[in-house]
Amino acid sequence: ACFSTPIKSQIQQNIVPKLVDALRKEPFRLVVLRLLYHLSTDDRCKSTFSYTEAPPMVYKLVVKSHETRLEKTLAALAVNLAMNQRCAERFLGESGLKPLMERLLRSRDPLLAKMIRNCASHDMASKEQFREYVPDLVTLLKGCEAEDNVDLLVEVLGTLGSLNMSSIPFAHLLVDYDLVSLLQRLLVPGFAEDDVVLEVVVFIGTCAQDPETAKVFASSSLVHALHDVMADKQDDDEIVLQIVFCYHYFIQHECTRDVLVGQTEAVSYLCELLYDRNEQISKLADQVLDVVVEMFPELGEQIKLRKFQVHNAEWLRACEEDGGEGAFEDAYDMPGHHDHEGGMSDFHWEDAANLGDGAMYWDDDDGQY
């Protein structure tokens, strides 16, 4: 039974509580679950659920289920309700995270993992309960890779990536559980599916918020691996955005900063991203480049020139049309010009600078179920 959005809006206030009451009656339960599931796909209905007894009842059905894996309609309803923060708070506040995690570790059910992941995505006091289960999640993650259980792998990675909590010792996790090797394997181009790659990048970004992880990342090949992923997935906005988010944290610590700027072409790519049609990507790239200019003054003029070209693109085109391609370059002593369609082929970085002993090289180049 599927409802159009206008009908859902009209009936949610009265129908949802009545259906929740009917959920108590075993003979009608499956039909009621299906009706509630369809209603739960509407965000406005989710908030209505939170003011009924639906969250504790669904929670009880989940943890008391005798099936190895949850019945799909029940699981889908739980997943959708967990997207609402108030419902998630009631899920975790009823008996805590423990029964859900115990069931997950026994059943390895991807849909249950998705419900738990959605609960972890909210910034709320009960999120602190996850800290106790981080070692279990990491162990489960490594088992997923060994078993090639991609669906569960995505959800466990997504859960870990949502735990942006200062109380979690990410540096120790990366080392003690040899997660660096696992992450490096999953980032090899062509090795893993795009949804896995995205969750790996998000998790690295979460780890990078812990300053203690900087030395771990700098001594591994993960900084280089992210750069390779950037080149390989340049048309995937979400992956690119999350990689730039990682750069935002890498650039704040000397050891990862030196690797990122001195041993990869990240600055060149960030300059390219200033032109990106995705405003989030271009703005974040701009912010990271501001830090690069601050930390590496020798690159400042090149980066400022590129920013000038981005912010004055229309005026530059007018100059070229009026005075020819060389007019602007002669006036500002430019090393080249940027062709938006052709990339950075005429923009030269050879004189940028050297870092340490190595030369710098520049090249062109939703949770709902």
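Remember, it's a predicted structure, so these values are computed and weren't measured experimentally.

A.B. asks: Outline the environment of A192, supporting the account with residue identities and numerical values.
C.D. replies: Here A192 is to be found in the loop between α12 (179–187) and α13 (194–208). Put simply, A192 and V150 are 42 residues apart on the chain and 9.0 Å apart in space, counted from C-alpha to C-alpha. Apart from residues no more than four positions distant in its own chain, A192 is found in contact with L186 and V197.

A.B. asks: How would you explain the side chain of S107 if you had to name every residue and give the values?
C.D. replies: Positionally, S107 belongs in helix α7 (residues 98–107). Looking at S107, the relative accessible area reads 10%, which means it is buried. For S107, the contacting residues outside a window of four places in its chain are T68, R69 and L112.

A.B. asks: I'd like to hear about helix α4 (residues 54–64), residue by residue, with values.
C.D. replies: With 8 of 11 residues buried, α4 is to be regarded as a mostly interior element. When α4 is considered as a whole, its buried residues turn out to be A54, P55, P56, M57, V58, Y59, L61 and V62.

A.B. asks: Would you mind going over the packing of α12 against α13 in detail, with residue names and values included?
C.D. replies: Where α12 contacts α13, the axes come no closer than 9 Å and their chain directions differ by 140 degrees. Judged by the angle between their axes, α12 and α13 are oblique. Between α12 and α13 the crossing geometry is left-handed. Side by side, α12 and α13 meet where L179, L183, L186 and L187 of the first sit next to V196, V197, V200, V201, F203 and I204 of the second. Its residues placed into classes, the contact of α12 with α13 shows 10 nonpolar, no polar and no charged.

A.B. asks: How would you summarise the environment of E199 if you had to cite specific residues and measurements?
C.D. replies: Residue position: E199 is located in helix α13. We classify E199 as buried; its relative accessible area is 9%. Sequence spacing of E199 and Q242 is 43 residues, and the spatial spacing of their C-alpha atoms is 9.3 Å. Apart from residues lying up to four places away in sequence, E199 is in contact with R117, V154, L157 and G158. Polar contacts involving the side chain of E199 include one to the side chain of R117, which spans 2.7 Å.

A.B. asks: Go over the nonpolar core with me, naming the residues and quoting the values.
C.D. replies: Among the nonpolar cores identified, the biggest contains 117 residues, and F49, L187, I204 and F250 are the most heavily contacted of them. In terms of residue count, α13 provides more of this core than any other element does, 10 residues in total.

A.B. asks: Can you tell me about the environment of L141, naming the residues and giving the values?
C.D. replies: Relative to the helices and strands, L141 is located in helix α9 (residues 134–147). A relative accessible area of 0% means that L141 is categorised as buried. Taking C-alpha positions, L141 is 5.9 Å from L153, a pair spaced 12 residues apart along the chain.

A.B. asks: A description of the confidence of the model for the chain should follow, citing residues and the corresponding values.
C.D. replies: Across the chain, pLDDT averages 83, with 80% of residues at or above 70. Low pLDDT, under 50, characterises residues 330–365; the predicted model gives this stretch 70 contacts beyond four residues in sequence or across chains.

A.B. asks: Mind laying out helix α18 (residues 266–273), listing which residues take part and the relevant values?
C.D. replies: Helical periodicity: at 3.6 residues per turn, an α-helix aligns residues three or four positions apart in one direction. Of all 8 residues in α18, 8 are buried; the element is thus mostly enclosed. Within the sequence span of α18, burial applies to A266, V267, S268, Y269, L270, C271, E272 and L273.

A.B. asks: Just give me the short version of the side chain of S126, but keep the residues and values in it.
C.D. replies: Relative to the elements of secondary structure, S126 occurs in the loop between α8 (110–120) and α9. On the basis of relative accessibility, which here comes to 17%, the residue S126 falls in the buried class. If we ignore the near neighbours within four places in the chain, the residues touching S126 are E89 and L92.

What counts, and where the lines are drawn
Residues numbered from 1 in each chain as written. Predicted model: local features only at pLDDT ≥ 70, side-chain atom pairs only at ≥ 80, totals over all residues. Heavy atoms only, no water. Helix = DSSP H or I, 4+ residues; strand = E, 2+ residues; numbered from the N terminus. Contact = heavy atoms within 4.5 Å. Buried < 20%, exposed > 50% of the residue type's maximum accessible area, 1.4 Å probe, protein only. Axes fitted to C-alpha atoms, helices over the stretch in contact; angles between N-to-C directions. Parallel < 35°, antiparallel > 145°, perpendicular 65-115°, else oblique. Left-handed = near helix turned anticlockwise from the far one by under 90°. Nonpolar A, V, L, I, M, F, W, Y, C, P; charged D, E, K, R; others polar. Polar contact = N/O pair within 3.5 Å; in protein donor to acceptor, adjacent residues only side chain to side chain. Core = buried A, V, L, I, M, F, W, Y, C linked by side-chain atoms within 4.5 Å. pLDDT = per-residue confidence, 0-100.

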